[in-house]
Amino acid sequence: MNIINDDGPNGAHAFTPPGDGAAAERAGRPRQTLLSSSMVGSTNRGRVLQALFDLGPTSRAELARLAGVNRTTISGIVQPLIDDQVLVESDPIPANPGGGKPARPLWFSPKARPICGVLLMPDAVHACVSTLDGKIEAERKMPLPDGNGPMQPIIETIAECVGSTLAKARRTPFGIGVGVGGMVDTDRGSIVTVNLAPSLDRYPLADDLGRRFGLPVKLDHHPRALLVGDRWFGAGRGVKQFAVVYTGEVLGGAFYFDGHLYRGTAGAGGELGHTFVQLDGELCRCGRRGCWDTIATLSWLRREAAAAGLPEPELIDSGRLADMAAGQEPGAEKLLDRYARNVAVGIANLQQTVAPNIFILHGDVVLGGERLLDAIAGHVRAMVPPRPGSTIEFIAGDAGDGAALLGAAGLVISELLQLPI
Ligand SMILES: [Zn+2]
């Protein structure tokens, strides 16, 4: 991470957060970034805030040390953020023996304007108001009317959920971030299509919410909201590259490379559920055949559970199946392993294509616990040829809405504080 001195681009210096900075230094990668002087202020501000997200509460002196600049430069960047009540100096920590001023770590102020996150899934809307450091202060979840029925009741339910949550905010939020469980156009802020709720197709959601609530609105694909949540508040903090994969009723994913979320043109990337794993395979709800979605979602699992004669197949999820496997229920272990292999095939393709190496798994698979995670990891490792120095890591994320909801709110941080995600 670079801090650019006021004296121009030649003064660029680097933060070295744990993990990658020193390696980049050793590799001799270029450190300098050419930016016009008018961009330097907001860019430096973004980089200091990103360092705080990565490192946790950090003193000016430590930030200066990591950036290789003096404290005056850091103070010039952080003082406006303190004045705006975005950051606050916490209580002094006693200095090391031998003197020096006690350090006062900087962190996000509890008085800062909050951020609003909305998770819009085909059957429910979930809204929250969160602090900048990811503490949810208010939230509400409401079921949505039939996604094949008239659009207006769905829209009004979304507006009621968001409006009643915003009414509980201490201060006017910076903005609203929305994660959508369907294809989105991130340039227009509109929904392209939601397979399970077609009434929402082509709905200009960002414009509508912006008009109703008078706030900036940033809309993105649900798996990318998960990724933003991991990047700002979860296991992706300080990590240079990783991928998230979500499984459940639907399947999706997102990528983070070299400090940037990869969206594709107008947000068209990341439709992992509809990558093909089987030519001329089973018919997918998208109308094509052989999508990853057809073999690694709950509908596959429940159908196969019924075929295997497992009890209450319509209620099966990864958690129940893992419990049945642990309890020696006939057929459960075999189905769990088949499901793990089906999830693994898509992940193996991703690893072979872009090698993110770190996969954070969210949704239903998390309920399967270590038993399922280990099975998925085993299959992926068997499918991907080993490479020296390249280990593939799997991290269990969130089975519920929490990570995506915070990530949706995190979209506001990325957008409004001009942080480079
Ligand atoms: Zn499909």
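Residues numbered from 1 in each chain as written. Predicted model: local features only at pLDDT ≥ 70, side-chain atom pairs only at ≥ 80, totals over all residues. Heavy atoms only, no water.

Within an unreviewed UniProt entry, the label attached to the chain reads Sugar kinase, and the organism entered is Mesorhizobium hawassense.

Please explain the coordination of the zinc ion as it appears in this structure.
Metal coordination angles have textbook ideals: 109.5 degrees for a tetrahedral set of four donors and 90 or 180 degrees for an octahedral set of six. At 2.0 to 2.3 Å from the zinc ion lie its protein donor atoms, namely His274 (ND1), Cys284 (SG), Cys286 (SG) and Cys291 (SG). Between the 4 donor atoms coordinating the zinc ion, the angles at the centre fall across 104 to 118°, so the site counts as tetrahedral. Donor residues for the zinc ion sit on one chain with the sequence pattern H-x9-C-x1-C-x4-C. Pair noted here: His274 is in the loop between strand E14 (260-262) and helix H8 (298-307) and Cys291 is in the loop between E14 and H8, with a separation of 17 residues, a long-range link. (Donors = N, O, S within 2.8 Å, 3.2 Å for Na, K, Ca; no water. Tetrahedral: all angles 85-135°; square planar, octahedral: opposite > 155°, others 65-115°. Helix = DSSP H or I, 4+ residues; strand = E, 2+ residues; numbered from the N terminus.)

Would you take a moment to explain the packing of aromatic side chains for this structure?
Ring pairs (aromatic) are described by centroid distance and by the angle formed between their planes. Using the criterion set out here, one finds 8 aromatic pairs in the structure. With 6.1 Å between their ring centres and 75° between their planes, Phe53 and Phe233 make a pair best called edge-to-face. Here Phe53 is found in helix H2 (residues 37-55), whereas its partner Phe233 is found in helix H7 (residues 222-233), with 180 residues between them in sequence. Here Phe53 matches Phe233 in class, with each residue buried. Following the ring pairs from residue to residue traces out a cluster consisting of Phe53, Trp107, Phe108, Trp232 and Phe233. (Phe/Tyr/Trp six-rings, centres within 6.5 Å; stacked < 30°, edge-to-face > 60°. Buried < 20%, exposed > 50% of the residue type's maximum accessible area, 1.4 Å probe, protein only.)

I'm lost on the sheet that holds strand E13 (residues 251-257) in this one. Help?
Strand order in the open sheet made by the 5 strands is E14-E13-E12-E15-E16, with mixed pairing throughout. Among the strands making up the open sheet, the edge pair consists of E14 and strand E16 (393-396). Going across the sheet, the axis of each strand differs from the next one's by a mean of 25°, ignoring polarity. One ladder, built from 5 bridges, connects strand E12 (residues 242-247) with strand E15 (residues 358-363); its direction is parallel. Each residue of the ladder has a partner; that of Thr247, found in E15, is Gly363. Taken strand by strand, H7 contacts E12, E13, E14 and E15, and its axis lies near 130° from that of E12. On top of the sheet, helix H12 (residues 369-383) reaches E15 and E16; it is set at about 160° to E16, its chief contact. (Pairing = 2+ DSSP bridges. Axes fitted to C-alpha atoms, helices over the stretch in contact; angles between N-to-C directions. Contact = heavy atoms within 4.5 Å.)

Whenever I open this one, the pattern of salt bridges confuses me. Can you help?
Any two side chains of opposite charge can pair, so long as their charged atoms come close to each other. This structure, assessed with the given rule, holds 21 salt bridges. A salt bridge links Glu62 to Arg65, with the shortest nitrogen-to-oxygen separation between them at 3.0 Å. Of the two residues, Glu62 and Arg65 both sit in helix H3 (residues 60-67), 3 residues apart, roughly one turn of that helix. The class of Arg65 is exposed, set by a relative accessible area of 57%. The partner of Arg212 in a salt bridge is Asp208, and the shortest N-O contact between them spans 3.2 Å. Here Arg212 and its partner Asp208 are both found in helix H6 (residues 205-213), 4 residues apart, which amounts to about one turn of the helix. (Salt bridge = Lys/Arg side-chain N within 4 Å of Asp/Glu carboxyl O.)

When you look at the side chain of Thr131 in this model, what are you seeing that I'm missing?
Within the secondary structure, Thr131 is located in the loop between strand E6 (124-130) and strand E7 (136-143). With a relative accessible area of 8%, Thr131 lands in the buried category. Those residues in contact with Thr131 that lie beyond four places of it in its chain are Ile115, Glu137 and Arg170.

What's the story with the sheet that holds E7 in this structure? I'm lost.
Picture the strands of a sheet paired through backbone hydrogen bonds; they go either parallel or antiparallel. Here we have 5 strands laid out as an open sheet, ordered E7-E6-E5-E8-E11, and mixed in their pairing. The strands lining the two open edges of the sheet, one partner per strand, are E7 and strand E11 (217-221). Taking the axes of each pair of neighbouring strands and ignoring which way they run, one obtains an average angle of 15° across the sheet. Here strand E8 (residues 176-180) runs beside E11; their pairing, made up of 5 bridges, is parallel. Residue pairing across strands places Val180 opposite His221, the latter belonging to E11. Lying over the sheet, H7 contacts strand E5 (115-121), E8 and E11, oriented at roughly 105° with respect to E11.

Would you explain the nonpolar core in this entry?
Leu52, Leu87, Phe108 and Leu132 are the most contacted members of the largest nonpolar core, which has 47 residues in total. By size, the runner-up hydrophobic cluster in this structure holds 40 residues, among which are Leu272, Leu321, Ala344 and Leu350. (Core = buried A, V, L, I, M, F, W, Y, C linked by side-chain atoms within 4.5 Å.)

I would appreciate a short explanation of unusual backbone geometry in the present structure.
Glycine aside, a negative phi is what most residues show, and trans is what most peptide bonds show. We note that Gln85 has phi near 60°; this positive angle belongs to a residue other than glycine. Tracing the backbone through its elements, the reader meets Gln85 in the loop between helix H4 (71-83) and strand E3 (87-89). Owing to a relative accessible area of 32%, Gln85 belongs among the partly exposed residues under this scheme. Positive phi, close to 65°, is recorded for Gln328, a residue that is not glycine. Secondary-structure assignment places Gln328 in the loop between helix H9 (318-326) and helix H10 (332-354).

Where do I start with the pairing of E13 in this structure?
When a strand is regular, its side chains alternate between the sheet's two faces. Burial runs high along E13: 6 of the 7 residues are buried. Note: E12 against E13, 6 bridges, orientation antiparallel. Of the residues in E13, the one forming a bridge with Thr247 is Leu251. Taken together, the 3 bridges between E13 and E14 define a ladder with antiparallel strand orientation. Following the sheet pairing, Tyr256 is matched in E14 by Leu261. Following E13, the chain reverses through 2 residues before pairing antiparallel with E14; Asp258 in that reversal takes a positive phi of roughly 45°.

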